[in-house]
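Chain by chain, the residues run as shown.
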Amino acid sequence: MKKVISITFSIIIGLVSFTAIIGFLSLRANLVFSDKQSRIMFPENNNEDVSVLPTSVSMINTATSNFPGWIVSNKGGLDKVVMYYTFFEINYPDNTSILVDTAVTEEFVDKILSTIDDEVQFHKEGQQKFLEDAGRARYIIFTHEHNDHLAGLKSLDESTVINKALMSEEQLDSQEYPSEWIPDGWKNKIKTFHFDQNGTYSLSPGVTLIRTPGHTRGSLSVLVKLQNNQTIFLIGDTTWSYDALKKNALKPLLVSKLMIQENRTQIMELMNAFNNLTEDVLLVPSHDGKYLNDLIFGGRIINGLK
Ligand SMILES: [Zn+2]
């Protein structure tokens, strides 16, 4: 018994020191990069026919898990953070849409997410919605090349992928390309697009893709201008938490550098740029369950499952 207590004590001391070191290093990273500034180039949509712009953005949650706050950001504390695994749908008045990211599958939840949180819940109705709506989609695009945003692609039939899936060259060539979740031979069937010199690509009326590398090399954000003149910016995983973004808090070094290999300089530049946008833009990260629910409650985005 004594031995058990002594081992437990050593583990606690070890964890506390480790967290303190990580916290200190993260703080230093904040100080080093906080004065950097980059500019997000917004497209000029002059003379755009308002009637062809999207009418709304829906969020569909396909799985829910809980992370300790200190894993989500270096100012996250000890409280649990509700993480959603989402895809978004940009809805057009002609009943077509653009799907942003793919729903996670039950296989992905069982194989991957359950190893991080054994209480993770898969929401089958979310994945079904993705499969149903892929038929009317103009495009299926990806905020970045991580499994939790790509894994659902292989639940689609091949012709849908050939006709609708679209990636930037950086996304398609990425070393993080998850071959397990993309069937053999599909890579050369996914169409690519090129950003212009400002790092923007005009995809469809009201929808512009903006190059925002940092979380991964191929990360992009999706700028949506709605008919009602609101602008929504789907910013993927540049931050996992809106609160962290407002506090300019990076993910902890352990997660960011060792596990994901993010470019923290680029992420800090992006967070500064997002926080200093002069236009009225609604910033929407992919995973922040509480914030996404607040946006639905406030009528800013729609719950796609209702
Ligand atoms: Zn993600």
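Residues numbered from 1 in each chain as written. Predicted model: local features only at pLDDT ≥ 70, side-chain atom pairs only at ≥ 80, totals over all residues.

**Side note on the overall build of the chain**
Secondary structure assignment for the chain yields 11 helices and 13 strands. For the chain, with 306 residues in total, the buried portion stands at 40%. Counted over contacts in the chain with a minimum sequence separation of 6, partners at least 24 positions apart contribute 73%. (Helix = DSSP H or I, 4+ residues; strand = E, 2+ residues; numbered from the N terminus. Buried ≥ 20, exposed ≤ 12 C-beta atoms within 10 Å, placed from the backbone. Contact = placed C-beta atoms within 7 Å.)

**Considering unusual backbone geometry**
Even without being glycine, Asp101 reaches a positive phi, approximately 75°. As for its position among the elements, Asp101 is in the loop between strand E3 (97–100) and helix H3 (106–116). One non-glycine residue, Asn229, lies in positive phi territory at about 80°. Structurally, the position occupied by Asn229 is in the loop between strand E10 (220–225) and strand E11 (231–236). Assessed through the 9 C-beta atoms surrounding it within 10 Å, Asn229 is described here as exposed.

**Examining the sheet that holds E10**
The mixed open sheet is built from 5 strands, whose spatial order is E8-E9-E10-E11-E12. Of all strands in the sheet, those bounded by a partner on one side alone are strand E8 (200–204) and strand E12 (281–285). Geometrically, the sheet is characterised by an average inter-axis angle of 25° between neighbouring strands, direction not taken into account. (Pairing = 2+ DSSP bridges. Axes fitted to C-alpha atoms, helices over the stretch in contact; angles between N-to-C directions.)

**Quick look at H3**
Looking only at H3, the buried set comprises Phe108, Val109 and Leu113. Viewed along the axis of H3, the buried residues span an arc of 90°, placing them on a single side of the element. Residues Asp110 and Thr115 are exposed on H3 and point more than 90 degrees away from its buried face. Contacts made by the buried residues of H3 are with strand E1 (56–68), strand E4 (121–122) and helix H5 (147–150). (Arc of directions from axis to C-beta.)

**So, the pairing of strand E2 (residues 80–91)**
Side chains on a regular strand alternate between the two faces of the sheet. Burial analysis of E2 places 10 of its 12 residues in the buried class, which makes it a mostly covered element. Sheet analysis places E1 next to E2, joined by 11 bridges and oriented antiparallel. Looking at E2, one finds that Ile60 is bridged to Phe87. The pairing of E2 with E3 spans 4 bridges and is antiparallel. Note on E3: the bridge partner recorded for Glu89 is Leu99. Between E2 and the antiparallel strand that follows it, E3, lie 5 residues; Asn95 among them carries a positive phi value of about 70°.

**Topic: the nonpolar core**
Ranked by internal contacts, the top residues of the largest apolar core, which has 61 residues, are Ile98, Val100, Ile140, Ile141 and Leu234. Looking at which element gives the most residues to this core, the answer is E2, with 7 residues. Sequence-distant contacts of Ile141, defined by excluding residues within four places in its chain, comprise Ile98, Val100, Leu166 and Leu209. (Core = buried A, V, L, I, M, F, W, Y, C linked by C-beta atoms within 7 Å.)

**Comments concerning the environment of Leu99**
One can find Leu99 in strand E3. For the pair Leu99 and Ala165, spaced 66 residues apart in the sequence, the C-alpha separation amounts to 9.3 Å. Setting aside chain neighbours within four positions, we find Leu99 in contact with Phe87, Glu89, Asp133, Ala134, Ala137 and Ile140.

**Observations concerning the pairing of E1**
As judged from the 2 bridges shared by E1 and strand E13 (residues 302–303), these two strands associate in the parallel manner. The residue bridging Ser58 from the neighbouring strand is Ile302, located in E13. Direction of pairing for E1 relative to E4: antiparallel, over a ladder of 2 bridges. Residue Thr64 lies in a different strand from E4, and its bridge partner there is Gln121.

**A short note on the confidence of the model for the chain**
With 83% of its residues at a pLDDT of at least 70, the chain reaches an overall mean of 86. Across residues 1–5, confidence stays below pLDDT 50; counting only partners more than four residues off in sequence or on other chains, it has 0 contacts. Scored below 50 in pLDDT, residues 11–37 shows 26 contacts in the model against residues more than four places distant or in partner chains. (pLDDT = per-residue confidence, 0-100.)

**Some words on the environment of Tyr92**
Along the chain, the position of Tyr92 falls in the loop between E2 and E3. Counting along the chain gives 114 residues from Tyr92 to Gly206, while the straight-line C-alpha distance between them is 9.8 Å. Beyond its immediate sequence surroundings of up to four residues, Tyr92 is in contact with Pro54, Thr55 and Ser97.

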